[in-house]
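One-letter residues, chain by chain:
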Amino acid sequence: MQRKILVRLLLVLVIAFTSFSCAKETPQDKQAKLDRKQDVKDYVTHHLLDSHDFGLYSYTDDAGEVHHVGFPLPIILWDNGLKVFSSSKFHHGETVAEVDGNYYKIDHAKIYKTDAAGTINYDDKDHATNDKPLDISITKGVFMMLLTSLLMILLFMGLAKSYAKNGGIAKGAGRFFEPIVLYIRDDIAIANIGEQKYKKYMPFLLTVFFFIWFLNMFGLTPLGVNVTGNIAITTALAIIVFLITTFTGTKDYWKHVFDPLGDGMPWAGKILIYIILVPIEILGLFIKPFALLIRLYANMTAGHVVLGSLLGLIYIFQNWIGGTLSFGLAFAISLIEILVALLQAYIFTMLAALYFGFASETHEHAEEHDGEVAHL
Amino acid sequence: MEKLITEFSIGLFFWQAVVFILLLLLLRKFAWKPILNAVNEREQGIRDALDAAEKAKLEMANLQADNQKLLQEARAEREAMMKEARELKTKMISEAKEEAQEVGSKMIANAQVAIESEKKAAVAEIKNQVASLSLEIAEKVVKDELSKNDKQLNLVKDMLNNATLN
């Protein structure tokens, strides 16, 4: 009954809000709204990118001056020698930083080498053509990564110590994660890799799960850091998965790649099929981790875009009904995003374990699996 | 796709790889290994404890069965002992009775023999006494009788009469 009332209320609100917004529109308003739309789009795009200083929020004072609240992060460049300086020199990307006679400017979260005036040349596709020094700065993303690492070290070393101290029973904050550790061991590692070989993959699976999960969760806080939604981060993770899979691959794994049909067919027949099959198998080796990196990147980015856009709607509509509705929607999406944060960490870990399972498969193991299937 | 490539930050990639691998190595040594070992140990402990409990339960059941058996044996033994005692009792009683009877009859027989001999002795004595008494009497009578001649003659006469009659 209550739910019905709620649905009706929402319907009334939606109708009221659409008619309101239609009724009030004048060409001037329309232009202002378009500007705001562009602002929101820029804001969301900017948020998705990494940044060289840790901005908490910014505001415009009565004099029309923009103030940024946050703290600068160290910039580390390799440009004919190591250059280390504070990001405060850029003044939030508004000015040119001069270091050892070189001039640098930030454009769309990237540092370019410029002249003293800070001119950036663009090609016809709107890409900057200036030289880019090798930028290994401690950016906002790196900072959050380090923070998460520190948190994990404190949390899990604490958990490890509490076992030793309390005779095998966890105490403290770490024990909330014990069931998750056990879940990863039993339902991800053992289920996909097998009882004999899961142990050597456990450290990676646990680290990657909690690393992604914590960073995803940090992404939902008002700190607004989009670390796992950055393609460089997911690429690094996927490459590590690829390397582990490749280097722990057993003879059977490689045999499966280069001789998938085994002895079931005479070689003359196999050659014809293998012209197509083997390249596909080899491609599969790379596609698997590539799918991992794209999946995590796309999911987290999509979440941030949706949330940012819904919050941006508040500024576009600028009336109480639209604002409330946008807020309600953003709130609902936030709840879903909390689930997605966990889910994506789980999926990444799960698929990594699955690939490790393929790689560490030995022949006896394969037969076991066949047996299982036959039983089913 | 092109946007992805232009957005790709080498610095972030570098730091992610370095930080993640360091984190992995550090946590592997100082967190995951001790945690997994502790958890495994604990699970092994639980498994062992459960096994031990199961074993103890079995042992308990065995013990109880043993106890039951012992109790039954004890009861049977008691019963047997009681029965034996009862038998012994009746046997003893009957034996005693028999013995008493035997002794009694022997005593009676002895008594009878004694009585008989006593009786015989008494009768003999009486006979002797009677004989001597009769002799005395006879002496006295004879003395008295024979003091007078006529009487002696009478007697002889009587006796002769008697003797001839016989």
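Cut-offs applied
Residues numbered from 1 in each chain as written. Chains lettered and ligands numbered in written order. Predicted model: local features only at pLDDT ≥ 70, side-chain atom pairs only at ≥ 80, totals over all residues. Heavy atoms only, no water. UniProt positions renumbered as here; feature names shortened; annotations may be inferred. Helix = DSSP H or I, 4+ residues; strand = E, 2+ residues; numbered from the N terminus. Rg over C-alpha atoms; globule rule 2.2 N^0.38 Å. Domains from an automatic or database assignment. Pairing = 2+ DSSP bridges. Axes fitted to C-alpha atoms, helices over the stretch in contact; angles between N-to-C directions. Contact = heavy atoms within 4.5 Å. Buried area = accessible area lost by both parts, 1.4 Å probe. Salt bridge = Lys/Arg side-chain N within 4 Å of Asp/Glu carboxyl O.

As recorded by an unreviewed UniProt entry, chain B carries the name ATP synthase subunit b and is attributed to Ulvibacter antarcticus. Regarding chain B, the relevant UniProt record gives this comment under Sequence similarities (unreviewed entry): "Belongs to the ATPase B chain family."

If you look chain A up in an unreviewed UniProt entry, it shows as ATP synthase subunit a from Ulvibacter antarcticus. Database annotation for chain A, UniProt heading Function (unreviewed entry): "Key component of the proton channel; it plays a direct role in the translocation of protons across the membrane." In its Sequence similarities (unreviewed entry) section, the UniProt entry covering chain A states "Belongs to the ATPase A chain family."

> Any chance you could explain the overall build of chain B here in plain terms?
Secondary structure summary: chain B contains three helices and zero strands in total. What you see in chain B, going N to C, is helices and strands ordered as α-α-α. Taking 15 Å as the expected radius of gyration for a compact globule of 166 residues, we find that chain B reaches 65 Å, considerably beyond that expectation. Taken along its principal axes, the extent of the C-alpha atoms in chain B is 205 × 25 × 15 Å.

> Please explain the domain arrangement of chain A as it appears in this structure.
By convention, interface size is frequently given as the accessible area that disappears when the constituent parts associate. One can read the domain layout of chain A as domain 1 (58-138) and domain 2 (141-369). Distance from the C-alpha centre of domain 1 of chain A to the C-alpha centre of domain 2 of chain A: 33 Å.

> In this structure, what is going on with the sheet that holds strand 7 (residues 110-114) of chain A? I would like to understand it.
Two pairing modes exist for strands in a sheet, parallel and antiparallel, and in both the strands are linked by backbone hydrogen bonds. All names here are of chain A. If you trace the three strands from one edge of the open sheet to the other, you get 5-6-7, paired in antiparallel fashion. Looking at the sheet topology across the chains shown, the edges are occupied by strand 5 (97-99) and strand 7. Neighbour to neighbour, the strand axes of the sheet diverge by 35° on average, direction disregarded.

> In this structure, what is going on with the interface of chain A and chain B? I would like to understand it.
Each partner contributes residues to the interface: chain A has 52 residues there, and chain B has 33 residues. Regarding the contact of chain A and chain B, the summed buried area is about 3,700 Å², with carbon and sulfur atoms giving 78% of it. Of all residues in chain A, Met 157, Arg 185 and Thr 207 of chain A bury the most surface against chain B, accounting for 13% of the area lost on that side. Scanning the region where chain A abuts chain B turns up two salt bridges.

> Mind showing me how you'd approach the UniProt feature "transmembrane region" (unreviewed entry) in chain B here?
The UniProt record annotates "transmembrane region" (unreviewed entry) at residues 6-27 of chain B. Secondary structure within residues 6-27 of chain B divides into 91% helix and 0% strand; the distance between the first and last C-alpha atoms comes to 33 Å.

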